[in-house]
Every structure is written in structure tokens, then in C-alpha cells.
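Survey of secondary and tertiary structure
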Amino acid sequence: MQNFFGCPLMRKDFPDETACITGVILAGGRGRRMGGVDKGLQELCGRPLVAWVIERFGPQVDELLINANQNGDRYAVFGHRVLADQISEFAGPLAGLQAALTAARHSLLATAPCDSPFLPSDLVHRLRQALTTSGADLAVARTFNQPQPVFCLCRREVLPSLSEYLESGGRRVDRWHAMLQVVEVAFDDQAGAFENINNRDELERFERAVPDQTS
Ligand SMILES: Nc1nc2c(ncn2[C@@H]2O[C@H](COP(=O)(O)OP(=O)(O)OP(=O)(O)O)[C@@H](O)[C@H]2O)c(=O)[nH]1
């Protein structure tokens, strides 16, 4: 049996294992290190970065949202709902998470940034396993000793805590995580997949790496 959105009905004993997942691509940043451009729309081998992320991340979730604070019409052509931050200033990725949690159809929300085109194809699967077995509020990827805070899976119930934190002026992801029950998921086997593009030199380096990454 399926619910209104075509997702399997949740089993009461294992709700996390069957719950549908909304994914959000975080593309709401200012791209200052790239000269103030809209990073998600910058092209890697002729395709916008956001298109690469849609290709990898989209199949891992049941609904896909794009969080962007400019060029909404250009993001809309990809056929997914586009959301701007509710906070008017650029408040960092937590503002995008807040917008997505408010709009998500499903009870679990996964995030990925627009500037990591080769993110793991099993990202959401592994985060869900950890969230389910731990009962934590949020699962976050880690590579070696480095948390990857914009790659996470969280429950809708964290929204009040997040909104309160943002309203109090909090902006740091690690400080908000410290208020929650968080489980870290090691991706040391795929550390390279989390590499992101911050400036033009990195974009050029990725251009050279594409044949290796896609073969
Ligand atoms: N919604 C939203 N997302 C943001 C904001 N700032 C950064 N992000 C996202 O958070 C992730 C990491 O961003 P950074 O690379 O640190 O920031 P950036 O603004 O993209 O780039 P820089 O200005 O060069 O630091 C990316 O997916 C950004 O799109 C913001 O104010 N709002």
C-alpha cells in the first residue's frame, strides 16, 4: 500500500526504514571565492554544477528540492521545486535547511551542496541506515576526522530547534549539531567524492578529472 505521494505506508515498528525522503540541493550561497557568481549555475564540462548533483542525488530521494536565493527561474528549468531562504540575509546553509524542512513533503530530509558534483551514489542509503539504527535526530557524513555538515539526513522534528537557533542569531552548523543527537557516518572509502568546488582553479581541476570520475 502506498500513501498519497506514492510512498510505501510506514511500518509502525520500523518507520525510518520505509519513510520517504525529501532531498534538497543547497545552492543558496554567495559564491564569493568564485567572484560572487551563482555557483550552482557554473558549468563543469558544459553542464551546470546543479545538473551534476541532480543526476547523482536525485535518484537517492523521493522528492527533490533546490534551495537557491537568486536566479530562481534558471533553477526551475530542472523541474524541481525551488525555494529561497526564509531569512533575508545570507545566513549560511542552515537557512537553506530551514526552508527545505518547512516545505518538505516527507518526514526525512537529506541535503547535498550544489558544488560537489561527484557525491557518493550511496550517500542517502548509508545515512538512513545510521539514522535508523541509532534513533538519532540527524546523521551526518564524515571523511576521516572531518565532518561534512552539508551532507546530512535529518528528521522533520528538528525544525523547531533549528528555527529557534537561527532566530537567536546562531549560524554555525557544528554548534547547532551540538544541541542534537547526531550520528556520524564514516565515508573514508569515498573521501574524494565529497570534494567541492570553491574557486575557478578548482573548477578547472575538476574539468580535468571528469573522465576519471565518470568512467
Ligand atoms: N541557503 C543557503 N545556502 C548557503 C548559504 N551560504 C552557503 N550556502 C550553501 O552551503 C554550502 C557551502 O557553502 P560555501 O561554499 O561555504 O559558501 P558559498 O556561499 O557557496 O561560497 P563562498 O561565498 O565562496 O564561501 C553550499 O551548498 C552553499 O550553496 C546561505 O546563505 N543560504
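Residues numbered from 1 in each chain as written. Predicted model: local features only at pLDDT ≥ 70, side-chain atom pairs only at ≥ 80, totals over all residues. Heavy atoms only, no water.

Across its full length, the protein chain carries 8 helices and 9 strands. Whereas a compact globule of 215 residues would reach a radius of gyration of roughly 17 Å, the protein chain reaches 17 Å, a difference of no more than 12%. Projecting the C-alpha coordinates of the protein chain onto the three principal axes gives extents of approximately 50 × 40 × 35 Å. Expressed as a percentage of the 215 residues in the protein chain, the buried residues total 49%. Contacts in the protein chain between residues far apart in sequence, at least 24 positions, make up 70% of those at least 6 positions apart. Of the roughly 10500 Å² that the protein chain leaves accessible, carbon and sulfur atoms contribute 49%. Positive and negative side-chain charges in the protein chain, numbering 22 and 27 respectively, have mean positions lying 2 Å apart. (Helix = DSSP H or I, 4+ residues; strand = E, 2+ residues; numbered from the N terminus. Rg over C-alpha atoms; globule rule 2.2 N^0.38 Å. Buried < 20%, exposed > 50% of the residue type's maximum accessible area, 1.4 Å probe, protein only. Contact = heavy atoms within 4.5 Å. Areas by Shrake-Rupley, 256 points an atom, 1.4 Å probe, with all protein chains shown as cover. Lys, Arg positive; Asp, Glu negative; His and termini not counted. Charge placed at Lys NZ, Arg CZ, Asp CG, Glu CD.)

All right, on to the site of the ligand then. Not every one of the 21 residues close to the ligand is listed here, only the nearest: Leu26, Arg30, Arg32, Asn67 and Asp85. One of the side-chain N or O atoms of Asp85 is found 2.8 Å from a nitrogen atom in the ligand. Take Gly96: an N or O atom from its main chain is 3.4 Å from a nitrogen atom of the ligand. The protein chains hide 88% of the 600 Å² of surface that the ligand would expose on its own. Comparing atom positions with the cavity grids shows the ligand to sit within the largest pocket. (Near = heavy atom within 4 Å. Polar contact = N/O pair within 3.5 Å; in protein donor to acceptor, adjacent residues only side chain to side chain. 1 Å grid on protein atoms, 1.4 Å probe; cavity = no way out; pocket = protein on both sides within 12 Å on 5 of 7 lines; lining within 4 Å. Sits in = over half its atoms within 2 Å of the grid points.)

This part covers the pairing of strand 6 (residues 108–113). Within strand 6, 6 of the 6 residues are buried, which leaves it mostly tucked inside the rest of the structure. Residues Leu108, Ala110 and Ala112 of strand 6 are buried on one face, and the alternating residues Leu109, Thr111 and Pro113, pointing to the opposite face, are buried as well. As paired elements, strand 1 (residues 21–27) and strand 6 share 6 bridges and run parallel to each other. Looking at the pairing, Gly23 lines up with Ala110 of strand 6. Across 4 bridges, the pairing between strand 6 and strand 8 (residues 146–155) is antiparallel. Within strand 8, the position partnered with Thr111 by the bridge is Cys152. (Pairing = 2+ DSSP bridges.)

What the rule picks out here adds up to 0 disulfides. Here Cys152 stays free of any disulfide, with the sulfur of Cys154 as its closest cysteine sulfur at 4.9 Å. Judged by relative accessible area, Cys152 falls into the buried class, the value being 2%. (Disulfide = S-S within 2.5 Å.)

What follows is about the pattern of salt bridges. Scanning the model with the defined rule gives 10 salt bridges in all. Lys39 is the salt-bridge partner of Asp115, the closest N and O atoms lying 2.7 Å from each other. Taken together, the positions of Asp115 in the loop between strand 6 and helix 5 (123–134) and Lys39 in the loop between strand 1 and strand 2 (43–44) put the pair 76 residues apart, joining distant regions of the chain. A residue is classified by how much of its surface remains accessible, and Asp115, at 8% relative accessible area, is buried. Of the charged contacts in the structure, one is a salt bridge between Arg126 and Asp189, with a shortest N-O distance of 3.1 Å. Residue Arg126 is found in helix 5, and its partner Asp189 is found in the loop between strand 9 (182–186) and helix 8 (200–214); the two are separated by 63 residues along the sequence. Judged by its relative accessible area of 18%, Arg126 is buried. Where salt bridges share partners, they join Glu63, Arg81 and Arg105 into one cluster. (Salt bridge = Lys/Arg side-chain N within 4 Å of Asp/Glu carboxyl O.)

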